[in-house]
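Inside the fold
Take a look at the letters that make up each chain.
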Amino acid sequence: MSTPASDASRLDGLTSWHADWAGLRVAVLGLSVTGFSVADTLTELGADVLVVSESASEEYASLLPVIGARLWTGPLDSVPHELRAFAPEVVVASPGFSPQHPLIEWTRAAGIALWGDIELAWRVRDKVVRDDRSTAPWVLITGTNGKTTTTRLAASMMVAAGLRAAPVGNIGVPVLDAVRDPQGFDVLVVELSSHQLWYLSLQTGPEPLSPEASVCLNLADDHLEWHGSFEAYRDAKAGVYTNTRIACVYNKADAATRMMVEDAEVIEGARAVGFDLGIPGPSDLGVVDGILVDRAFLEERRTSALELTTVEDLAAHGLGAPHIVANVLAASALARAVGVSPAAIRAALDDFRLDPHRIEIVAVADGVTWVDDSKATNPHAAASSLAAYPGAVWLVGGLLKGVDIADLVAGRGARAKAAVVLGADRAEVLAAFARHAPSVPVFEVDGVETGSIMARAVELAAGIARDGDVVLLAPAAASFDQFSSYADRGRRFADAVKQWIERAADGRHDADPDSTPGSPT
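Residues numbered from 1 in each chain as written. Predicted model: local features only at pLDDT ≥ 70, side-chain atom pairs only at ≥ 80, totals over all residues. Heavy atoms only, no water.

Overview of the nonpolar core
In plain terms, the rule: Take the buried Ala, Val, Leu, Ile, Met, Phe, Trp, Tyr and Cys residues and link them wherever side-chain atoms come within 4.5 Å; each set so joined is a nonpolar core. When accessible area is computed with a 1.4 Å probe and restricted to protein chains, residues below 20% of their type maximum are described as buried, those above 50% as exposed, and intermediate ones as partly exposed. A helix here means a DSSP run of H or I that spans at least four residues, while a strand means a run of E at least two residues long, and both kinds are numbered starting from the N terminus. The contact criterion used is simple: two residues touch if any of their non-hydrogen atoms lie within 4.5 Å.
Counting 73 residues, the largest nonpolar core has Met 157, Phe 275, Leu 285, Val 396, Ile 405 and Phe 433 as the members making the most contacts within it. Ranked by residue count, the leading element in this core is helix H14 (residues 322-337), at 11 residues. The contact partners of Phe 275, leaving out residues within four places of it in the chain, are Val 215, Leu 217, Val 249, Tyr 250, Asn 251, Lys 252, Ala 253, Leu 285, Ala 326, Leu 329 and Ala 330. Formed by 54 residues, the second largest nonpolar core is a distinct cluster that contains Leu 31, Trp 115, Leu 140 and Ala 264.

Following this line, the structure appears as structure tokens:
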């Protein structure tokens, strides 16, 4: 079944907050933060909204009737009768619903328009306009790793320049909440997951999303179970550059991102702007003698460069790890694309601090530095952490999400002082060490109780580490097998470290300092 012409014509006209949305039948799939923002927006527009979700928190379930939406909860392994009977004209899916989900397959087979929250937000972006009656431009950020840090950096730089900017999207604040903010914004800095970009690729309306600037920071295996293949994951990420107006920012050290830009359909006049840690060319940002410079956004770029900051200054603020310096360069390119001055970029960096659980030093005791990079939820991110701390005692493992960890273990992992392996299913990680890094001592955390896992991991690591060593939590895996989130995992690690240090200081730790607790696996 295909969408009736009358329905398609109506949907083509829904490209403004002020269009006629009244009575439009919309099914919203999922009731998390994103799903609720979608339902809240659509009911405010006057649409007829049915929310379909496997479960619902008490808070959201009680709020839906207040805003005027209906809720159906139950198993979603097949299409509920209530959804079929509702006969939606549009389905707006939360990004957790994969292309292979039965409800998504049904929606597409039935010819029903399928949107994500990003497309809806773009269609209604004119709810609040700027003084000149124009809508706020968008800047888009994606990549396997570094998205949130780069999003926060870019927004901070814009705010330092006097712009009202908001970091939104996959960073945790729904874009629809920002679009409906009565104060309005000068720029929206939008972090996009590969899931959101896949939904965005389905746009069929007459005014598709068109960002001022965009970047894919890097590309490595991740979320393969959602997309079905690496190629599908790559194609979703590449969509970030579609219809870019000013600057397609790419990572010169990652050939995949350069190819994305070369293949992208952009607005005439958009430029490719590269970044990496090397000496920049005349349309790039890079590093010269420890100085971060811009050779892209100035008239004399073939003969001159603008100084942004120094690696030394970044290191003084905890931003000196190579992958963080790369994020700073990418954010600077996006900020420069919307007119932010080098002085504002420097001012923003002076005040910027990384989020918790991103290469965060949680303690230094007896010469051992304990580092929480629980946000390293895939091998690519963990490789960056291990590059920043070579020879560390490495805490690794968790839910691998269908990604092969062998290359990481054979490369960066082979230089670890030792490995402490976490995870409900540790077999794949243990096998990788046995095959690719047999000289690295490996210790296994075999507990299954969430409350004791990190205590045991820290105990093992403390028995290995000596003065001058680093203990690095960089799991290279998701947390959901044993923890509620990467933040929960990081907090438990930090708490376990502090408790260990306190016990050691109180003299209650009786282990022989020249032995390790347990034997390598």
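Some thoughts on the confidence of the model for the protein
Just so we agree on the cut-off: Each residue carries a pLDDT score, the predictor's confidence in it, ranging from 0 to 100.
Per-chain confidence: the protein averages 93 in pLDDT, with 96% of residues scoring 70 or above. Low confidence marks residues 511-516, where pLDDT is under 50. Its contacts with residues over four positions away, or in another chain, come to 7 contacts.

Describing the sheet that holds strand S12 (residues 284-288)
To keep it simple, the criterion reads: Strands pair, by our definition, only if DSSP identifies at least two bridges between them. Helix axes use the C-alpha atoms of the stretch in contact, all axes being lines fitted to C-alpha atoms, and the angles between their N-to-C directions lie in the range 0 to 180 degrees.
The strand order S7-S8-S6-S9-S10-S11-S12-S13-S14 describes an open sheet built from 9 strands, whose pairing is mixed. Unpaired on one side and paired on the other, strand S7 (165-169) and strand S14 (306-310) mark the two borders of the sheet. On average, adjacent strands in this sheet sit at an angle of 20° to one another, irrespective of strand direction. As defined by bridge partners, S7 adjoins strand S8 (residues 187-191) across 5 bridges and the pair is classed as parallel. Among the inter-strand pairings, Ala 166 is bridged to a residue of S8, identified as Leu 188. The strands touched by helix H12 (residues 255-263) within the sheet are strand S9 (213-216), strand S10 (247-251) and strand S11 (271-275), with S10 carrying the most contacts at an inclination of about 155°.

Things to note about the pattern of salt bridges
Spelled out, the test is: When a carboxyl oxygen of Asp or Glu lies within 4 Å of a side-chain nitrogen of Lys or Arg, that pair is called a salt bridge.
Applying the stated rule across the entire model yields 19 salt bridges. A salt bridge links Asp 177 to Arg 180; its shortest N-O distance comes to 3.1 Å. Asp 177 gets classed as partly exposed once you look at its relative accessible area, which sits at 35%. Between Glu 444 and Arg 426 there is a salt bridge, and its shortest N-O distance comes to 2.7 Å. Here the residue Glu 444 occupies a position in strand S19 (residues 442-444), and Arg 426 occupies one in the loop between strand S18 (418-421) and helix H18 (427-436), the gap between them amounting to 18 residues. Connected through shared salt-bridge partners, Asp 40, Glu 44, Lys 127, Asp 177 and Arg 180 make up one network.

Considering the sheet that holds strand S4 (residues 90-93)
If you trace the 5 strands from one edge of the open sheet to the other, you get S3-S2-S1-S4-S5, paired in parallel fashion. Each edge of the open sheet is held by one strand with a lone partner, namely strand S3 (70-73) and strand S5 (113-115). Put simply, the sheet's adjacent strands are angled 20° from each other on average, direction ignored. Inspection of the sheet shows strand S1 (residues 25-29) paired to S4 by 4 bridges, in the parallel sense. Note on S4: the bridge partner recorded for Ala 27 is Val 91. Relative to S1, helix H2 (residues 33-45) is tilted by about 165°, and along the sheet it contacts S1, strand S2 (48-53) and S4. Relative to S5, helix H5 (residues 102-109) is tilted by about 135°, and along the sheet it contacts S1, S2, S4 and S5.

What to know about the environment of Gly 398
Mapped onto the elements, Gly 398 comes out in the loop between strand S17 (393-396) and helix H17 (406-410). With 77 residues separating them along the chain, Gly 398 and Pro 475 place their C-alpha atoms 6.6 Å apart.

So, the environment of Ala 388
Within the secondary structure layout, Ala 388 lies in helix H16 (residues 379-388). As for Ala 388 and His 323, which are separated by 65 residues in sequence, their C-alpha atoms are 8.3 Å apart. Here Ala 388 is in contact with Ala 321 and Pro 322, once residues within four sequence places are set aside.

Remarks on helix H7 (residues 147-160)
Using the following cut-off: Each helix should span, by expectation, one fewer than its residue count multiplied by 1.5 Å.
Over its 14 residues, H7 extends 20 Å from the first C-alpha to the last, a length consistent with the 20 Å expected when each residue adds 1.5 Å. A large share of H7 lies buried, amounting to 10 of its 14 residues. For H7, the complete set of buried residues consists of Lys 147, Thr 148, Thr 149, Thr 150, Thr 151, Leu 153, Ala 154, Ala 155, Met 157 and Met 158. Residues of H7 that are buried make contact with strand S6 (138-142), S7, S8, helix H11 (230-238), H14 and helix H15 (342-351). The first or second residue beyond H7 is Gly 162, which carries a positive phi of 95°.

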